[in-house]
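# Analysis of the macromolecular model
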Amino acid sequence: MAVHTFAVTTRVHSGAGAVAAIGPTLAAQDHKSVLIVTDQGIVRAGLLTPVTDSLREAGVSAAVFDEVKPDPEESIVAAVVAAYQAADCDGLLAVGGGSSLDVAKAAGVVISNGGAVADYEGFDAFENDLPPLYAVPTTVGTGSEVTFAAVITLPSQQFKMSILSTRLAPRAAFLDPAMLTTLPPHVVAHSGMDALTHAVEGMTSPLSTPFTNAFNLHAIRLINENLRAAVANSGGMAAIGNMQYAACIAGVGFAHSRLGIVHAMAHPVGAYHHLPHGLSNALLLPHCLDFNRIGCEPQLAIVAREFDATFTGQTGREAALAAIQAIRDLEEDIGIPSSMGDAGVTDEHFDAIVKDTFRSRNVSINPRRVTEEDIRQILYNAL
């Protein structure tokens, strides 16, 4: 039996008003000046105000870098490094979605180790720890506030590289549902499906354990119970708050169990077609599960019961198929396009997408062995 390790390294402050704890938390760590890494949408929505108010009241000054873009490129990381050094900061505070959190993580690596972000692809490819890093997530997908990864786009290669290390986990995260109430429905849908993909791929991973299953299964239950209401805004702060918990909980789970071919394919699909990461995942998830099913049927049968307890009496095959159908039904309800073609994807870049898929370390731990031709067929099935 293999030996696994499991640790939750990030202290999580959660609940309405959690952002008020930011200033006291950072002041208690003797921070004098931090760089806030965020984007213009956060600033325009007024979401930065409670963060900066908390810091000011605690006596911690803050510089702001607000030029993060979706699918952040290596040039953005370099700009954050320069801003951090120019302001003589002693910590990083990411406020935003996965892009802002990933940029802050990657910038922290470069700040402490020098060079360029492209130097640090892979597992533990850097020597020195990051500056203290803190996170305030404003979407319900990535779980980046507790994970050990950062994904940055290299435009010259049209490739999304990954930096992987347990040292990337923020020291503290602040989950406040009040920071989510201005999210557009399509962003809730896309990021919610990102969280679901994390949890389902985590459940079906050969590296899953009872520890990771406990997190990933509960995330699936929360998403099934709350994502529709969160997209419709019919659940108010309760539904979106539960989705925030789900994304974080799934982040804890998949950080240890890792992922599979959905994410391995979604990164290049998104890079070549400029699709939101959560949408790329959603478009691929049912098709990848169709392919993987025979390698993870018992695990998918367990997943099915989180969608509907009546699946308990069915055979493992029937329950696994029902799980995939339940995901398709959820996607239809929240407005996910029925095919990649409907989202603007063509087969123009399929050769490159297949090649880049196999640059992902997730391929080797997929629950079913996969070839280039398999990936190509899944792409056409999804098209």
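Anything mentioned here points back to the structure above.
Below is a short write-up of the structure. (Residues numbered from 1 in each chain as written. Predicted model: local features only at pLDDT ≥ 70, side-chain atom pairs only at ≥ 80, totals over all residues. Heavy atoms only, no water.)

## Concerning the packing of aromatic side chains
- Taken as a whole, this structure holds three aromatic pairs when the rule is applied.
- Taking 5.3 Å as the distance between ring centres and 20° as the angle between the ring planes, the aromatic pair formed by F6 and F211 counts as stacked. Of the two residues, F6 sits in the segment before strand 1 (11–14) while F211 sits in helix 7 (residues 210–232), which places them 205 residues apart along the sequence.
- Pairing F350 with Y380 gives two aromatic rings, centres 5.0 Å apart and planes at 80°, and the pair type is edge-to-face. Within this pair, whereas F350 is found in helix 13 (residues 350–357), its partner Y380 is found in helix 14 (residues 372–382), the two being separated by 30 residues in sequence.
- Taking the relative accessible area as the measure of exposure, F350 reaches 1% and is therefore buried. (Phe/Tyr/Trp six-rings, centres within 6.5 Å; stacked < 30°, edge-to-face > 60°. Helix = DSSP H or I, 4+ residues; strand = E, 2+ residues; numbered from the N terminus. Buried < 20%, exposed > 50% of the residue type's maximum accessible area, 1.4 Å probe, protein only.)

## A short note on the sheet that holds strand 7 (residues 149–154)
- Sheet architecture is open: three strands sit in the order 5-8-7, paired in mixed fashion. Of all the strands in the sheet, just strand 5 (122–123) and strand 7 have a single pairing partner and so form its edges. (Pairing = 2+ DSSP bridges.)

## Here's the deal with the pairing of strand 7
- Burial analysis of strand 7 places five of its six residues in the buried class, which makes it a mostly covered element.
- The pairing of strand 7 with strand 8 (residues 159–164) spans six bridges and is antiparallel. Paired with A150 across the two strands is I163, which belongs to strand 8.
- Connecting strand 7 to the antiparallel partner strand 8 that follows it, the hairpin turn spans four residues, and Q158 within it adopts a positive phi of roughly 45°.

Function cannot be read off these values alone, since they describe shape.
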